[in-house]
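Reading the structure
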Amino acid sequence: ALSSPSDVILLDEPSAGVDPEGQIRIANCIRKASKTKSIVLCSHAMEECESLCSRVALLHSGHLSSVQTLEQLKCSSYDRALRLSVKPGDTHKGGAADALWEVFPGAERVKASSDWIQVRLAGPEGERSDRPGFFGGVFKGVQELIRRGVITDFRISEMGIEDILLEEEGEWGA
């Protein structure tokens, strides 16, 4: 598709299922072709979008819901938020959510799935220099929950494009 004479190229998940070396080769080919062609790249991989795209379009229920630059997307509240997933201890399964709210009163959109509870923690408003203190506070709260035996395991990840899509589809809500 990249070598066709067309001025517009549509690529749907071009690196899905490809090994890392192949992904790099595909990305290099896309970058080279983008100098002379307009390329529409459909992908769920935020890293791929960040590497190759200048604008991001979000689809919701088959309709275009927004078009933003990567900078606009990164300035959204999702850029500052974290997803915290915790596994309640055997003796605290019923009260783990209450303990989570106590330690993280600003937690939003609790979702329980199998043995895990997921929450969205809004990051600091304003300067990104507040980020280290935010992370430290989250880890301090998690350590407290572990010390009290409320949780036995946890995962922390940054919110990304998939979270925005899940939010729009209404899958994040409690």
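Keep in mind that this is a model prediction, so the values were computed, not measured.

Quick look at the overall build of the chain now. Per the secondary structure count, the chain includes seven helices and eight strands. Of the contacts made within the chain by residues no fewer than 6 positions apart, 65% connect residues no fewer than 24 positions apart. When the accessible surface of the chain is summed, it comes to about 10600 Å², and 52% of that surface belongs to carbon and sulfur atoms.

On to the nonpolar core, then. Soluble, globular proteins show a tendency: their nonpolar side chains are buried together. Counting residues in each nonpolar core, the largest one holds 18 residues, and the members touching the most others are L84, L100, F104, V119, L121, V138 and L145. Elements with a contribution of two residues or more to this core: β5 (82-88), α5 (96-103), β7 (116-121) and α6 (131-147). Ignoring sequence-local partners within four residues, the contact set of L100 consists of L84, V86, I117, V119 and L145.

Here the focus is the environment of G123. Among the secondary structure elements, G123 is positioned in the loop between β7 and α6. Between the C-alpha atom of G123 and that of F135, which follows or precedes it by twelve residues, the distance is 8.8 Å.

Counted residue by residue, β7 has six buried out of six residues, so it is predominantly covered. Burial along β7 is two-sided: W116, Q118 and R120 and I117, V119 and L121, pointing in opposite directions, are all buried. In this structure, β5 lies alongside β7, joined through five bridges in antiparallel fashion. Bridged to L82 within β7 is L121.

Turning our eyes to something else, we now look at a nonpolar patch on the surface. A cluster of nonpolar side chains, namely V8, L10 and V40, defines an oily patch on the protein surface of about 280 Å² accessible area. Counting through the fold element by element, V40 comes out in strand β2 (residues 38-42).

The end-to-end C-alpha distance of helix α1 (residues 20-33) is 20 Å, a good match for the 20 Å that 14 residues give at a rise of 1.5 Å each. When α1 is considered as a whole, its buried residues turn out to be G22, A27, I30 and A33. One side of α1 holds all its buried residues, which, seen down the axis, span an arc of 140°. Within α1, the exposed residues directed more than 90 degrees away from the buried face are P20, I24, R25 and K32. On the buried face of α1, the contacting elements are β1 (8-12), β2 and α2 (46-52). For α1, the N-terminal cap is D19; the gap from its side-chain oxygen to the backbone nitrogen of E21 is 3.1 Å.

What follows deals with the environment of D153. Mapped onto the elements of the fold, D153 is located in strand β8 (residues 151-158). As for D153 and G89, which are separated by 64 residues in sequence, their C-alpha atoms are 8.4 Å apart. Not counting residues within four places of it along the chain, the set of residues in contact with D153 comprises S85, V86, K87 and W116.

Here we come to the pattern of salt bridges. According to the stated counting rule, one finds four salt bridges in the structure shown. Residue E21 pairs with R25 through a salt bridge whose shortest N-O separation is 2.6 Å. Of this pair, E21 and R25 both sit in helix α1, four residues apart, which is roughly one turn of that helix. Here R25 falls in the exposed class, since its relative accessible area comes to 53%. Among the ionic pairs, R148 bridges to E144, the shortest N-O distance being 2.9 Å. Under the relative-accessibility criterion, R148 is labelled partly exposed at 29%. Within this structure, E102, E144 and R148 form a network of salt bridges that share partners.

Rules used throughout
Residues numbered from 1 in each chain as written. Predicted model: local features only at pLDDT ≥ 70, side-chain atom pairs only at ≥ 80, totals over all residues. Heavy atoms only, no water. Helix = DSSP H or I, 4+ residues; strand = E, 2+ residues; numbered from the N terminus. Contact = heavy atoms within 4.5 Å. Areas by Shrake-Rupley, 256 points an atom, 1.4 Å probe, with all protein chains shown as cover. Core = buried A, V, L, I, M, F, W, Y, C linked by side-chain atoms within 4.5 Å. Buried < 20%, exposed > 50% of the residue type's maximum accessible area, 1.4 Å probe, protein only. Pairing = 2+ DSSP bridges. Patch = residues over 30% accessible without salt bridge, like charges linked within 9 Å, V, L, I, M, F, W, Y side chains within 5 Å. Salt bridge = Lys/Arg side-chain N within 4 Å of Asp/Glu carboxyl O. Expected span 1.5 Å × (residues − 1). Arc of directions from axis to C-beta. Polar contact = N/O pair within 3.5 Å; in protein donor to acceptor, adjacent residues only side chain to side chain.

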